[in-house]
Amino acid sequence: QKEVEQNSGPLSVPEGAIASLNCTYSDRGSQSFFWYRQYSGKSPELIMSIYSNGDKEDGRFTAQLNKASQYVSLLIRDSQPSDSATYLCAIYYRGSYIPTFGRGTSLIVHP
Amino acid sequence: NAGVTQTPKFQVLKTGQSMTLQCAQDMNHNSMYWYRQDPGMGLRLIYYSASEGTTDKGEVPNGYNVSRLNKREFSLRLESAAPSQTSVYFCASSEAVGTGYQPQHFGDGTRLSIL
(Lines give C-alpha, C1' and ligand atoms only; values in the text may rest on other atoms or scores of the structure.)
Protein backbone atom coordinates (compact mmCIF):
# COMPACT_ATOMS: atom_id res chain seq x y z
CA GLN A 1 0.00 0.00 0.00
CA LYS A 2 1.36 3.39 -0.96
CA GLU A 3 1.72 5.56 2.10
CA VAL A 4 3.01 8.93 3.14
CA GLU A 5 4.39 9.13 6.64
CA GLN A 6 4.67 12.24 8.76
CA ASN A 7 5.43 12.66 12.43
CA SER A 8 2.21 14.01 13.95
CA GLY A 9 4.09 16.19 16.42
CA PRO A 10 3.56 18.67 17.81
CA LEU A 11 6.88 20.11 16.81
CA SER A 12 7.62 23.07 19.05
CA VAL A 13 10.25 25.63 18.08
CA PRO A 14 11.10 29.09 19.41
CA GLU A 15 10.45 32.17 17.35
CA GLY A 16 13.31 32.84 14.94
CA ALA A 17 14.47 29.21 14.80
CA ILE A 18 14.45 26.86 11.83
CA ALA A 19 11.56 24.40 11.77
CA SER A 20 12.23 21.14 9.94
CA LEU A 21 9.30 19.01 8.82
CA ASN A 22 9.79 15.64 7.20
CA CYS A 23 7.79 13.28 5.05
CA THR A 24 8.68 9.80 3.79
CA TYR A 25 6.98 7.85 1.04
CA SER A 26 6.99 4.34 -0.32
CA ASP A 27 7.18 4.55 -4.12
CA ARG A 28 10.32 5.69 -5.89
CA GLY A 29 8.25 6.37 -8.99
CA SER A 30 6.49 9.31 -7.36
CA GLN A 31 6.58 12.44 -9.46
CA SER A 32 4.92 15.40 -7.80
CA PHE A 33 5.41 16.55 -4.21
CA PHE A 34 3.56 19.28 -2.33
CA TRP A 35 3.47 20.91 1.06
CA TYR A 36 0.24 22.43 2.36
CA ARG A 37 -0.34 24.53 5.45
CA GLN A 38 -3.61 24.21 7.31
CA TYR A 39 -4.56 26.61 10.06
CA SER A 40 -7.04 25.36 12.62
CA GLY A 41 -10.55 25.54 11.20
CA LYS A 42 -9.34 26.43 7.71
CA SER A 43 -8.72 24.59 4.48
CA PRO A 44 -5.30 23.40 3.28
CA GLU A 45 -3.38 25.94 1.25
CA LEU A 46 -0.43 25.18 -0.99
CA ILE A 47 2.89 26.61 0.15
CA MET A 48 5.49 24.64 -1.84
CA SER A 49 5.70 22.26 -4.75
CA ILE A 50 8.77 20.32 -5.88
CA TYR A 51 9.22 17.94 -8.77
CA SER A 52 12.94 17.15 -9.01
CA ASN A 53 15.72 16.23 -6.63
CA GLY A 54 17.36 19.00 -4.68
CA ASP A 55 16.27 22.16 -2.94
CA LYS A 56 13.66 24.71 -3.90
CA GLU A 57 13.50 27.98 -2.03
CA ASP A 58 10.62 30.43 -1.76
CA GLY A 59 11.09 33.18 0.77
CA ARG A 60 11.48 31.63 4.22
CA PHE A 61 10.46 28.20 2.93
CA THR A 62 12.75 25.55 1.42
CA ALA A 63 11.54 22.22 0.12
CA GLN A 64 14.08 19.43 -0.17
CA LEU A 65 13.51 16.30 -2.23
CA ASN A 66 15.62 13.15 -2.17
CA LYS A 67 14.06 10.52 -4.41
CA ALA A 68 16.76 7.92 -3.74
CA SER A 69 16.03 8.05 -0.01
CA GLN A 70 12.32 8.66 -0.58
CA TYR A 71 11.83 11.70 1.58
CA VAL A 72 10.74 15.28 1.14
CA SER A 73 11.33 17.96 3.76
CA LEU A 74 10.14 21.47 4.44
CA LEU A 75 12.37 23.95 6.22
CA ILE A 76 10.94 27.15 7.61
CA ARG A 77 13.58 29.72 8.45
CA ASP A 78 13.05 32.51 10.96
CA SER A 79 9.90 30.80 12.24
CA GLN A 80 7.10 33.11 13.35
CA PRO A 81 4.12 32.45 15.63
CA SER A 82 1.98 32.90 12.51
CA ASP A 83 3.61 29.75 11.10
CA SER A 84 1.88 27.70 13.81
CA ALA A 85 -0.32 25.31 11.85
CA THR A 86 -0.54 21.74 10.63
CA TYR A 87 1.63 20.98 7.61
CA LEU A 88 0.47 18.33 5.17
CA CYS A 89 2.68 16.49 2.72
CA ALA A 90 1.02 15.28 -0.49
CA ILE A 91 2.45 13.07 -3.22
CA TYR A 92 1.16 11.89 -6.58
CA TYR A 93 2.33 8.36 -7.10
CA ARG A 94 3.21 7.39 -10.65
CA GLY A 95 0.10 6.79 -12.75
CA SER A 96 -2.37 8.01 -10.13
CA TYR A 97 -4.91 10.80 -10.46
CA ILE A 98 -5.16 10.94 -6.70
CA PRO A 99 -2.62 12.47 -4.34
CA THR A 100 -1.73 10.59 -1.19
CA PHE A 101 -1.71 12.84 1.85
CA GLY A 102 0.16 12.38 5.06
CA ARG A 103 -1.76 13.01 8.27
CA GLY A 104 0.17 16.17 8.90
CA THR A 105 2.63 17.55 11.42
CA SER A 106 1.48 20.13 13.94
CA LEU A 107 3.96 22.99 14.30
CA ILE A 108 3.92 25.36 17.25
CA VAL A 109 6.16 28.43 17.17
CA HIS A 110 6.35 30.00 20.61
CA PRO A 111 7.47 33.59 21.26
CA ASN B 1 -11.18 34.79 -9.35
CA ALA B 2 -12.94 32.73 -6.70
CA GLY B 3 -11.06 29.41 -7.08
CA VAL B 4 -13.09 26.62 -5.47
CA THR B 5 -16.41 27.62 -3.93
CA GLN B 6 -18.33 25.36 -1.55
CA THR B 7 -21.85 25.80 -0.25
CA PRO B 8 -23.10 25.75 2.40
CA LYS B 9 -20.33 26.59 4.89
CA PHE B 10 -22.22 25.15 7.86
CA GLN B 11 -25.12 22.73 8.15
CA VAL B 12 -26.87 20.85 10.91
CA LEU B 13 -28.98 17.85 9.97
CA LYS B 14 -31.03 15.29 11.78
CA THR B 15 -30.30 11.61 11.35
CA GLY B 16 -32.00 10.32 8.22
CA GLN B 17 -32.22 13.67 6.44
CA SER B 18 -30.65 14.14 3.06
CA MET B 19 -28.68 17.01 1.63
CA THR B 20 -26.36 17.97 -1.20
CA LEU B 21 -23.06 19.78 -0.81
CA GLN B 22 -22.22 21.96 -3.78
CA CYS B 23 -18.79 22.67 -5.23
CA ALA B 24 -17.80 24.81 -8.19
CA GLN B 25 -14.38 25.77 -9.56
CA ASP B 26 -13.50 28.49 -12.02
CA MET B 27 -9.95 27.37 -12.88
CA ASN B 28 -10.95 25.14 -15.81
CA HIS B 29 -9.57 22.08 -14.00
CA ASN B 30 -10.46 18.63 -15.23
CA SER B 31 -10.17 16.77 -11.92
CA MET B 32 -12.30 17.36 -8.84
CA TYR B 33 -12.37 15.64 -5.46
CA TRP B 34 -14.40 15.35 -2.27
CA TYR B 35 -12.66 14.76 1.06
CA ARG B 36 -13.74 14.50 4.63
CA GLN B 37 -11.48 15.47 7.50
CA ASP B 38 -11.95 14.20 11.02
CA PRO B 39 -9.70 14.89 14.03
CA GLY B 40 -6.65 12.65 13.94
CA MET B 41 -7.68 11.02 10.65
CA GLY B 42 -6.24 13.37 8.09
CA LEU B 43 -7.91 13.92 4.73
CA ARG B 44 -9.85 10.93 3.45
CA LEU B 45 -11.01 10.79 -0.14
CA ILE B 46 -14.71 10.10 -0.60
CA TYR B 47 -15.11 10.35 -4.38
CA TYR B 48 -13.27 11.90 -7.24
CA SER B 49 -13.87 12.83 -10.85
CA ALA B 50 -10.80 12.60 -13.05
CA SER B 51 -12.60 14.38 -15.88
CA GLU B 52 -16.07 15.55 -16.85
CA GLY B 53 -18.38 12.55 -17.21
CA THR B 54 -16.44 10.22 -14.91
CA THR B 55 -16.61 9.56 -11.19
CA ASP B 56 -14.87 7.00 -9.02
CA LYS B 57 -14.95 5.86 -5.43
CA GLY B 58 -12.26 6.86 -3.04
CA GLU B 59 -11.32 5.49 0.33
CA VAL B 60 -14.62 6.11 2.16
CA PRO B 61 -17.53 6.23 -0.34
CA ASN B 62 -20.22 4.43 1.69
CA GLY B 63 -23.25 6.62 2.39
CA TYR B 64 -22.39 9.15 -0.31
CA ASN B 65 -23.13 9.78 -3.96
CA VAL B 66 -21.67 12.32 -6.34
CA SER B 67 -22.58 14.05 -9.56
CA ARG B 68 -20.21 15.76 -11.94
CA LEU B 69 -22.73 18.17 -13.36
CA ASN B 70 -20.32 19.78 -15.82
CA LYS B 71 -16.66 20.69 -15.91
CA ARG B 72 -17.11 23.33 -13.20
CA GLU B 73 -19.41 21.61 -10.72
CA PHE B 74 -19.11 18.49 -8.58
CA SER B 75 -21.74 17.80 -5.92
CA LEU B 76 -21.78 15.39 -2.99
CA ARG B 77 -25.04 13.94 -1.70
CA LEU B 78 -25.84 12.33 1.60
CA GLU B 79 -28.99 10.29 1.04
CA SER B 80 -29.69 9.39 4.66
CA ALA B 81 -27.41 11.22 7.04
CA ALA B 82 -25.87 9.38 9.98
CA PRO B 83 -24.02 10.79 13.02
CA SER B 84 -20.82 9.11 11.72
CA GLN B 85 -20.93 11.52 8.79
CA THR B 86 -20.39 14.49 11.06
CA SER B 87 -17.21 15.98 9.65
CA VAL B 88 -15.64 18.80 7.71
CA TYR B 89 -15.98 18.27 3.97
CA PHE B 90 -13.56 19.74 1.48
CA CYS B 91 -13.87 19.96 -2.26
CA ALA B 92 -10.70 20.29 -4.32
CA SER B 93 -9.68 20.54 -7.95
CA SER B 94 -6.46 20.02 -9.89
CA GLU B 95 -5.05 19.68 -13.36
CA ALA B 96 -2.62 17.36 -15.06
CA VAL B 97 0.24 18.98 -16.91
CA GLY B 98 2.60 16.87 -18.94
CA THR B 99 3.54 13.75 -17.01
CA GLY B 100 2.76 15.11 -13.57
CA TYR B 101 -0.13 16.52 -11.63
CA GLN B 102 -0.43 20.04 -10.39
CA PRO B 103 -1.38 20.74 -6.77
CA GLN B 104 -4.93 20.64 -5.57
CA HIS B 105 -6.82 23.80 -4.76
CA PHE B 106 -9.24 23.49 -1.87
CA GLY B 107 -12.52 25.15 -1.07
CA ASP B 108 -13.17 26.63 2.37
CA GLY B 109 -15.02 23.53 3.53
CA THR B 110 -18.45 22.62 4.79
CA ARG B 111 -18.83 21.91 8.49
CA LEU B 112 -21.57 19.34 8.80
CA SER B 113 -23.12 18.16 12.06
CA ILE B 114 -25.62 15.34 12.19
CA LEU B 115 -27.67 14.95 15.32
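Everything numeric here is computed off the predicted structure, so don't read it as measured data.

Considering the pairing of strand E8 (residues 74-78) of chain B
Residues and elements named next belong to chain B. The element E8 is extensively covered by neighbouring structure, given that 4 of its 5 residues are classed as buried. In the sheet, strand E3 (residues 19-25) pairs with E8 via 3 bridges, with the strands oriented antiparallel. If you follow Leu21 over to E8, its bridge partner there is Leu76. Where strand E7 (residues 64-68) meets E8, 5 bridges bridge the pair, whose relative direction is antiparallel. Looking at E8, one finds that Ser67 is bridged to Ser75.

What about the side chain of Asp38 of chain B?
Mapping Asp38 of chain B onto the fold places it in strand E4 (residues 31-38). At 3.0 Å, the side chain of Asp38 of chain B and the side chain of Arg36 of chain B are in polar contact.

Comments concerning the side chain of Gln85 of chain B
Inspection of the secondary structure puts Gln85 of chain B in the loop between E8 and strand E9 (87-94). Apart from the residues lying within four places of it in its own chain, the contact partners of Gln85 of chain B are Arg36, Asn62, Gly63, Tyr64, Leu78, Ser80, Leu112 and Ile114 of chain B.

Notes on the environment of Ser84 of chain B
All names here are of chain B. One can find Ser84 in the loop between E8 and E9. The exposed category is assigned to Ser84, whose relative accessible area is 54%. On a C-alpha basis, the gap between Ser84 and Thr15 in space is 9.8 Å, while along the polypeptide they are 69 residues apart.

Thoughts on the sheet that holds E8 of chain B
Residues and elements named next belong to chain B. Here 4 strands make up an open sheet; going across it, the order is E1-E3-E8-E7 and the pairing antiparallel. Each edge of the sheet is formed by a strand with only one pairing partner; in this case those strands are strand E1 (4-7) and E7. Across the sheet, the mean angle from the axis of one strand to that of its neighbour is 15°, orientation sign disregarded.

Section: the interface of chain A and chain B
In this complex, chain A contributes 19 residues to the contact, which on the side of chain B involves 22 residues. Both faces combined, the contact of chain A with chain B buries some 1600 Å², and carbon together with sulfur accounts for 57% of it. Contact with chain B buries surface across chain A, with Tyr97, Ile98 and Arg103 of chain A losing the most and accounting together for 30% of the total. Scanning the region where chain A abuts chain B turns up 0 salt bridges. Along the contact surface separating chain A from chain B lie 6 residue pairs in polar contact (both at pLDDT 80 or more). Contributing elements (two or more residues each) for the side of chain A that touches chain B: strand E4 (32-38), strand E9 (85-92) and strand E10 (99-101) of chain A. For the side of chain A that touches chain B, the leading source of residues is E4 of chain A, giving 4 residues. Its residues placed into classes, the side of chain A that touches chain B shows 11 nonpolar, 6 polar and 2 charged.

The rules we used
Residues numbered from 1 in each chain as written. Chains lettered and ligands numbered in written order. Predicted model: local features only at pLDDT ≥ 70, side-chain atom pairs only at ≥ 80, totals over all residues. Heavy atoms only, no water. Buried < 20%, exposed > 50% of the residue type's maximum accessible area, 1.4 Å probe, protein only. Helix = DSSP H or I, 4+ residues; strand = E, 2+ residues; numbered from the N terminus. Pairing = 2+ DSSP bridges. Polar contact = N/O pair within 3.5 Å; in protein donor to acceptor, adjacent residues only side chain to side chain. Contact = heavy atoms within 4.5 Å. Axes fitted to C-alpha atoms, helices over the stretch in contact; angles between N-to-C directions. Buried area = accessible area lost by both parts, 1.4 Å probe. Salt bridge = Lys/Arg side-chain N within 4 Å of Asp/Glu carboxyl O. Nonpolar A, V, L, I, M, F, W, Y, C, P; charged D, E, K, R; others polar.

No statement about biological role is implied by the geometric values presented.
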